[in-house]
Structures are given as C-alpha cells and as structure tokens.
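Analysis of the macromolecular model
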Amino acid sequence: DIASVAGVEGEPIASNNMPIEVGNAETLPEYSEALRGMEPGQEKEIEVKYSDDYGHERLAGKTVRFKLSLKQIRAKELPELNDELAKDMGDFQTLDDLKNAVRGQIFRERESEARDQAKAKILDKLVETHEFAVPDAYVNRQLENQAETLMRQFAQQGMDPRELKFDWEKFRESQKDRATKDVKASILLDKVGSRESIEATVDEVDRELAVAARRAREAVAVTRKRWESDGTMNRVAGHIRTQKVLNFLFDNARKVAS
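What you are looking at is a predicted structure, and each value in this text was computed from that prediction instead of being measured.

What follows covers the packing of helix α4 (residues 136–156) against helix α5 (residues 168–195). As a packed pair, α4 and α5 sit with axes 8 Å apart at the nearest point and diverge in direction by 115 degrees. One element, α4, and the other, α5, form an angle in the roughly perpendicular class. Where α4 crosses over α5, the two elements pack in a sense that is right-handed. Residues Tyr138, Val139, Asn140, Gln142, Leu143, Glu144, Gln146, Ala147 and Leu150 of α4 lie in contact with α5, whose contacting residues are Trp168, Phe171, Arg172, Gln175, Lys176, Arg178, Ala179, Thr180, Asp182, Val183 and Ile187. Along the lines of polarity and charge, the residues of the contact of α4 with α5 split into ten nonpolar, five polar and five charged.

Rendered as structure tokens:
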C-alpha cells in the first residue's frame, strides 16, 4: 500500500492507502519500477508522463511528480494449478475444462472490444458527414455531465473533489470540442432511432432493473421507486436505446461492406 501526492498545474492531489500491484498490466510502469526494492517506511519521488489520450482528461498529456510513501508489502500467493482448483472455480471437472473456459472468455472480450471500437469509428464518421449547429445549452449540459463524472472518478480514487480547486473555465475550454461532438452524436443517434422505430422495451429495462436490485440487495419494487423518482429509469432506457441504434448501424455497415 502506498500514499501518493501529485501536483497537476500546481494543485496538489493526495491519495492515501492506495493498493498498487507491482508488474500488473494496469499499473503504470513508472510505479512498478519505483516500488521494486523499496521497504516499508521508505519514500521516493518519481515523474510520470501521461499520454495525450489518457482516460482522465485532467492528466492527459501532463507530466506529474508523485511522492510515494510505502506503507506495507503484501505477497500474492497463487494456488496450485490442478483439477481440484478447477472444481473450486465453478462447474469444471478438469483443469483443461477451466483453461478452455478462460480462453473462450478472453476471445469474447476481445471480440466485444473490437465491436465497440468499430461502433465508435462508425459514429465518428456519422458526425463528420453531418455538419450542423448545436445549441450552447446542450453543450453546457454535456460539459457539466463530464465534470460530474470526473469528480466521481476522483472520489472513487480516494480524492476529495472539494479540495481539487476545479477550474471550470479551463475545463470548459479544453473539452468544448469533445462535448460538441458528443452532443452531435447523441442527436444523430436519436434521429436514426426515430427513423428506424428503435426503442428500449419494457422487458429490457426491467432486466437492468432486476440486476441493479440484486446488486443493491433490495427488493425490485424499492429500486423501481428510486429509479422513477431520480430519473434513472429514463437514463437507463435511453442508454439501452442508444446501444440498440449503435448495433443497428454496426450490422448495416457490415452488410454494406460485405
């Protein structure tokens, strides 16, 4: 576990008790390299250069200095690979059964990722070929949604959004083009959905509702009441409809290509 402090454009960010798995594919290489050989109680400063397309816009393209303070080291103990492990992992009789299931899952995940990338390219092309103005109010609403999402992400990482000194004007300026593109995409998807009579069905929304209720460990009726009161029901229905429209565009793009 480490405690880290980063400076982004002069604003300090603190994150305490953050677990880091050295060598993990999702761990920044700079972290893994710095932590190897450290002992609990030691501190070290490193610089990390984030790529321009990094997922968090506030860090994208930035070089950030981190102060790492190692609190403790934990070793991951891996079980022995055998048929008994396979049986413990689920409805598998042998280790080969488990390996085949894992291979199948990896293939499906890669296939899904490839489909998502293809859909994104189709949507980008759709926006590029339809030039039209969008109301500033729509763009501002999209920017506010993006800012709220960013704040939630920081909160999930253990950072207090109230201490970040968020510069709304700077954020708005840097993200306005992206927000405008997202609004155009949303408008175009809505028009395609209307033209093709694509809607989210009651059964589709109810399935999402049931999954959410199980996760929250509450009755479906309780989740439904909350969703209806806070607008989640409409947002879920809209998300389902958007995905169905994207699937429609992807399927028709494949037919044209073939």
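Picking up where we left off.
By the element assignment, Lys49 lies in strand β3 (residues 43–49). Lys49 sits 19 residues away from Glu30 along the chain, and the two C-alpha atoms are 9.1 Å apart. With sequence-adjacent residues up to four places away left out, Lys49 is seen in contact with Glu30, Gly61, Lys62 and Thr63.

Tallying each qualifying case throughout the model produces 13 salt bridges. Among the ionic pairs, Glu131 bridges to Lys184, the shortest N-O distance being 3.4 Å. Placement of Glu131 in the loop between α3 (95–128) and α4 and of Lys184 in helix α5 is noted, with a sequence separation of 53 residues between them. Its salt-bridge partner being Arg195, residue Glu196 comes within 3.1 Å of it at the nearest N-O pair. Owing to a relative accessible area of 32%, Glu196 belongs among the partly exposed residues under this scheme. Classification of Arg195 as exposed rests on a relative accessible area of 61%. Residues joined by salt bridges that share partners form a network here, namely Glu45, Glu47 and Arg65.

In this section: the packing of α3 against α5. Running from N to C, α3 and α5 cross one another at 95 degrees; their axes reach a closest spacing of 9 Å. Judged on the interaxial angle alone, α5 and α3 are roughly perpendicular. Judged by residue contacts, Leu123, Asp124, Leu126 and Val127 of α3 engage Lys181, Lys184, Ala185, Leu188 and Leu189 from α5. A class-by-class count of the residues in the contact of α3 with α5 yields six nonpolar, no polar and three charged.

Turning our attention to the environment of Lys125. Along the polypeptide, Lys125 turns up in helix α3. For Lys125, a relative accessible area of 51% gives the class exposed. For the pair Lys125 and Ala185, spaced 60 residues apart in sequence, the C-alpha separation works out to 9.9 Å.

Mean pLDDT over the protein chain works out to 85, with 90% of the residues at or above the 70 mark. Note that residues 1–8 has pLDDT below 50 and, in this model, 47 contacts with residues that lie over four places away or in other chains.

What counts, and at which threshold
Residues numbered from 1 in each chain as written. Predicted model: local features only at pLDDT ≥ 70, side-chain atom pairs only at ≥ 80, totals over all residues. Heavy atoms only, no water. Axes fitted to C-alpha atoms, helices over the stretch in contact; angles between N-to-C directions. Helix = DSSP H or I, 4+ residues; strand = E, 2+ residues; numbered from the N terminus. Parallel < 35°, antiparallel > 145°, perpendicular 65-115°, else oblique. Left-handed = near helix turned anticlockwise from the far one by under 90°. Contact = heavy atoms within 4.5 Å. Nonpolar A, V, L, I, M, F, W, Y, C, P; charged D, E, K, R; others polar. Salt bridge = Lys/Arg side-chain N within 4 Å of Asp/Glu carboxyl O. Buried < 20%, exposed > 50% of the residue type's maximum accessible area, 1.4 Å probe, protein only. pLDDT = per-residue confidence, 0-100.

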